[in-house]
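For reference, the chains in residue letters:
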Protein chains: 2
Amino acid sequence: MEKTSDKNKLILIICDGMGDLPTLRGKTPLALARKPNIDKMARAGMNGLLHTIAPGVIPGSDTAHLALFGYDPHEFYKGRGVFEALGAGVKLQEGDVALRANFATVDRTMHVIDRRAGRIDTKDAHALGASLDGMRIEGVEIIFKPTTEHRASLILRGKNLSYKITDTDPHSLGKIKRSEPLENTTEAHTTAFVLNEFTHRARNILSSHPLNRKRKLPANVVLARGASVYERAPSLYEKYGFRSACVAGGALYKGVAKFVGMDIIDVKGATGTLETDVMAKAGAAIRALDDYDFIFLHVKGMDNASHDGDARAKIKMIERVDKMIGALLKTGAYIVLTADHSTPISKREHTADPTPILIYGKNLRGDDVKKFDEINVARGALGHLRGLELMPIIVSLMGYAKVYGS
Amino acid sequence: MEKTSDKNKLILIICDGMGDLPTLRGKTPLALARKPNIDKMARAGMNGLLHTIAPGVIPGSDTAHLALFGYDPHEFYKGRGVFEALGAGVKLQEGDVALRANFATVDRTMHVIDRRAGRIDTKDAHALGASLDGMRIEGVEIIFKPTTEHRASLILRGKNLSYKITDTDPHSLGKIKRSEPLENTTEAHTTAFVLNEFTHRARNILSSHPLNRKRKLPANVVLARGASVYERAPSLYEKYGFRSACVAGGALYKGVAKFVGMDIIDVKGATGTLETDVMAKAGAAIRALDDYDFIFLHVKGMDNASHDGDARAKIKMIERVDKMIGALLKTGAYIVLTADHSTPISKREHTADPTPILIYGKNLRGDDVKKFDEINVARGALGHLRGLELMPIIVSLMGYAKVYGS
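All residue numbers refer to positions counted from 1 along the written sequence of the respective chain. Naming scheme: in the order in which they are written, chains are lettered from A and ligands are numbered from 1. With pLDDT at 70 or above as the cut-off, local features in this predicted model cover only qualifying residues; side-chain atom pairs require 80 or more to be listed or tallied, and sums for whole chains, interfaces and linings still use all residues. Excluding hydrogens and water, the side-chain figures rest on all heavy atoms present in the structure.

Please provide a residue-by-residue account of the overall build of chain A, values included.
A tally of regular secondary structure across chain A gives 14 helices and 15 strands. Radius of gyration here is computed from C-alpha atoms only, and the compact-globule reference equals 2.2 Å multiplied by the residue count raised to the power 0.38. Its C-alpha atoms give chain A a radius of gyration of 23 Å, within 12% of the compact-globule value 22 Å for 406 residues. Viewed in the frame of its principal axes, chain A has a C-alpha envelope of about 75 × 50 × 40 Å. Exposure categories follow from relative accessible area, calculated using a 1.4 Å probe and restricted to protein chains: below 20% of the type maximum is buried, above 50% is exposed, and the middle band is partly exposed. A burial count over chain A gives 60% of its 406 residues as buried. Contacts are assigned to residue pairs with any non-hydrogen atoms lying within 4.5 Å of each other. In chain A, 73% of the contacts between residues at least 6 apart in sequence involve partners at least 24 apart. Accessible surface computed for chain A: about 16900 Å², of which carbon and sulfur atoms make up 49%. By the criteria applied, helices consist of DSSP H or I runs no shorter than four residues and strands consist of E runs no shorter than two, each listed in order from the N terminus. All accessibility values rest on the Shrake-Rupley procedure with a 1.4 Å probe; residue burial counts only the protein chains present in the view.

Could you give an account of the pattern of salt bridges, naming the residues involved and the relevant values?
When a carboxyl oxygen of Asp or Glu is within 4 Å of a side-chain nitrogen of Lys or Arg, the pair counts as a salt bridge. Inspection of the entire model under this criterion finds 37 salt bridges over all chains. Here E389 of chain B makes a salt bridge to R386 of chain A, at a shortest N to O gap of 2.8 Å. In this pair, E389 of chain B is assigned in helix α14 (residues 387–398) and R386 of chain A in strand β15 (residues 383–386), connecting two distinct chains. One exposure class covers both E389 of chain B and R386 of chain A, and it is buried. The partner of R115 of chain B in a salt bridge is D169 of chain B, with the nearest N and O atoms 2.8 Å apart. In this pair, R115 of chain B is assigned in the loop between β4 (112–114) and α6 (122–130) and D169 of chain B in the loop between β7 (151–157) and α7 (186–207), connecting sequence segments 54 residues apart. What makes R115 of chain B partly exposed here is its relative accessible area of 23%. Overlapping salt bridges, with partners in common, bring together D16, K300 and D303 of chain A in one network.

So, the nonpolar core: which residues are in play, and what are the values?
What makes a nonpolar core is a set of buried Ala, Val, Leu, Ile, Met, Phe, Trp, Tyr and Cys residues whose side-chain atoms join them at distances within 4.5 Å. I13 and M324 of chain A together with F294 of chain B are the most contacted members of the largest nonpolar core, which totals 100 residues. Those residues in contact with I13 of chain A, other than ones at most four positions away along the chain, are L297, M324, I325, L328, I335, V336, L337 and T338 of chain A. Grouped together as the second largest cluster of nonpolar side chains are 50 residues, L12, L66, F83 and L92 of chain A included.

Go over the interface of chain A and chain B with me, naming the residues and quoting the values.
Contact with chain A, which involves 38 residues of that partner, is made by 24 residues of chain B. When the two sides are added together, the surface that chain A and chain B hide from each other amounts to roughly 2400 Å², 52% of it contributed by carbon and sulfur. Our enumeration of links across chain A and chain B arrives at one salt bridge. Between N or O atoms, a polar contact is any pair within 3.5 Å; within protein, one atom must be a potential hydrogen donor and the other a potential acceptor, and residues adjacent in sequence are included only when both atoms are from side chains. Seen at the junction of chain A and chain B, the total is 14 residue pairs in polar contact (both at pLDDT 80 or more). The element that contributes the greatest number of residues to the side of chain A that touches chain B is helix α3 (residues 61–68) of chain A, accounting for three residues. Grouping the amino acids of the side of chain A that touches chain B by side-chain chemistry returns 16 nonpolar, 11 polar and 11 charged. Here two bridges tie strand β3 (residues 58–59) of chain A to strand β15 (residues 403–404) of chain B, and the two strands are oriented parallel to one another. Paired with I58 of chain A across the strands is V403 of chain B, a residue of β15 of chain B. When two parts are brought into contact, each loses some accessible area as probed by a 1.4 Å sphere; the total of that loss over both is the buried area. Gly is put with the polar residues, along with every residue not named as nonpolar or charged; the nonpolar set is Ala, Val, Leu, Ile, Met, Phe, Trp, Tyr, Cys and Pro, and the charged set is Asp, Glu, Lys and Arg. Strand pairing follows a simple DSSP-based rule, namely that at least 2 bridges must link the two strands.

So, the sheet that holds strand β14 (residues 383–386) of chain B: which residues are in play, and what are the values?
Residues and elements named next belong to chain B. With mixed pairing, eight strands are arranged side by side in an open sheet as β10-β9-β11-β1-β12-β13-β2-β14. Among the strands making up the open sheet, the edge pair consists of β10 (263–264) and β14. For strand β1 (residues 10–15) and strand β11 (residues 294–299), the ladder comprises six bridges, and the chain directions are parallel. Note that in β11 the partner of I11 across the bridge is I295. With axes taken as lines fitted to C-alpha atoms, and helix axes fitted only over the stretch in contact, angles between N-to-C directions fall between 0 and 180 degrees. Against the sheet, helix α11 (residues 278–288) makes contact with β9 (244–247) and β11, and its axis sits at roughly 170° relative to β11, the strand it touches most.

Hey, could you go over the relation of the copies chain A and chain B for me, with residue numbers and the actual values?
Here two copies of a chain appear, and what relates them is a rotation about an axis with a shift along it. For the match of chain A to chain B, the screw axis carries a shift of 0.1 Å, the RMSD comes to 0.1 Å, and the turn is 123°. When the rotation and shift are considered jointly, the pair of chain copies conforms to a three-fold rotation axis. Relative to the rotation axis, the C-alpha of R379 of chain A is the closest in chain A, positioned 3.4 Å from it. When the interface residues of chain A are mapped onto chain B, a mere 3% of them again fall at the interface, so the copies present different faces. We superpose the copies by least squares over the C-alpha atoms of residues that have a pLDDT of at least 70 in both of them.

Okay, here's the thing in structure tokens:
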């Protein structure tokens, strides 16, 4: 027999929150959806179940994606803020402390009366944000980068900072909180002080900002939460030698992709919502195959539908993804289809139920799974995988794995 | 869809030594037993195989239970004695060295001629034990607590003791041994000295005890084995926030339960033998659900039958457990059914064969397993689990798991 070619391209499709429970007259949304392309892949490929972190552990979106990319979250996860910042396009430096931030409305006694400042629009938020960006407090540089609507990334840049501090965000309608150190170190005390001082100064600047005069619910405060620290990780290219790119709508997913060294391909119409343009994403992924070996394609809509408990919308989104996959099948690239976690519509939140996974492409062993759903894949050829086991399998399929030993 | 309720109750049933091999005309005892309730749970629930420690590792009862409760035995197992002592109701303190002890009969040359002192009865053993309890040797307090028949717990309490010492028990009919240090430390030397001195003094006290005069085989010596040290572990409540209770006959199982912070529910008729009153245990478990979230229900009989090589008794015990489960099914609690290890009747000892496991309750994915036995469960939805993975799954089903990441 002829030796097959050495290197292969691969598309990893993560359908956020796709895994579910059989609560729709004994069926899951995946079992009910009409999805000829996905089922064709299931029949020709290998199927199984994936515990993104470990059995019984409920994955967050950030930790799950780190694990799927082969980065042990117990080593690399230092809070969500850095991924949001990277996803918003901030160039982070080693040691930066990144927080997720919100414009909100407080009354005179610093009680939050609207957590989204009356759902301030993106344009106004960017204009207000410019007045806070570049501030310096005790030698610490403040980078403030609004993203969409009331949301923003807040970065504290300086020497000897710590992410072991509490939120200023009260997480409900209550008095804004003072950030406190979570450990008794100079670094944590300093960082909490800087965040509190930023909050105070931002309050003064925003209160007198002309844009706020016309607002019924002025964006007169910044709430910050989820302090995290940026520590550079080796890129996928450094680890394996292949070029990778990300096609995603949500900032978080772009951020994790950036963290592991992927290039980000911005796609018009990729919104991270149920209305996202999946065919535009497919097109972008197909074009990216010219320049990249590995494409991470993220679809968020199933998760949104799940958090809303909307089975019909979840099924419809799966059927739209099936059409998207129809286009991707023509590329000849390997396709890996799975989810980062289950979000059953009956629970409306992440659960520890393992996610279905399939691998499709040439020279695979196959199994007798005929339909791709949570129940049928359980007896597939892939068995029960752990999240960290996926990337080595991908690297091997792509032809970048080296023999261990000789 | 409506959001389901947050917290759930769960009963973990461990059938000691239930796993077996297909040596009965190609069938295992589980496959031959009539067990309509268990098979009903298998059809409706999820099935799989469980390697309590790891594939190929033969579990002890103590290490297996630690793993099933989510405590890595490589970290928490410091010998069996502490569990026997805790199960006997001794309140241990950090650093206590606990040994398993036997009343035995020696001749004048200190040779053991009966390892059970003529199967001394519990009442006499308790009376003799009182004469040894409370002794002090070199500042070390001796706690001697008889349990059933010839068995007892021996605790050495003091500063700077070590459990790295050898047994005085010759483990056969031979000369009683001197305890020797297993490491060259002052602690180990001291502890061995104290144990030898205790053995000597106990011999003198027992030889002249009035109760022994009438005995043909006087209980004139104490054999000690399995030195272990008590180190406090975080309780299940501290780790997860749910209240847990144990329904078991044998002291060892109560002891491991106590070690992980369970309350012990004493049940009249729960003997840890083939004659145990399983319906009394079911009743106790059902009543306990009022006050507790998690019930550990241990049934020992299958293991006794297996060690005797008695297939008929093992099958009968499984059928009695099936009736017990019939009562438990009415509670609506999740039920997890498994074993701590396999004890095939053809081998009469623990083996590394994985144990069958099923999880039954609402909102599960299910699989196509129709009968609960070692062969059929292998293609179930749970796949092949490791012992330490079970408790996270339980915690998650009960609704006490937290998202890892965000």
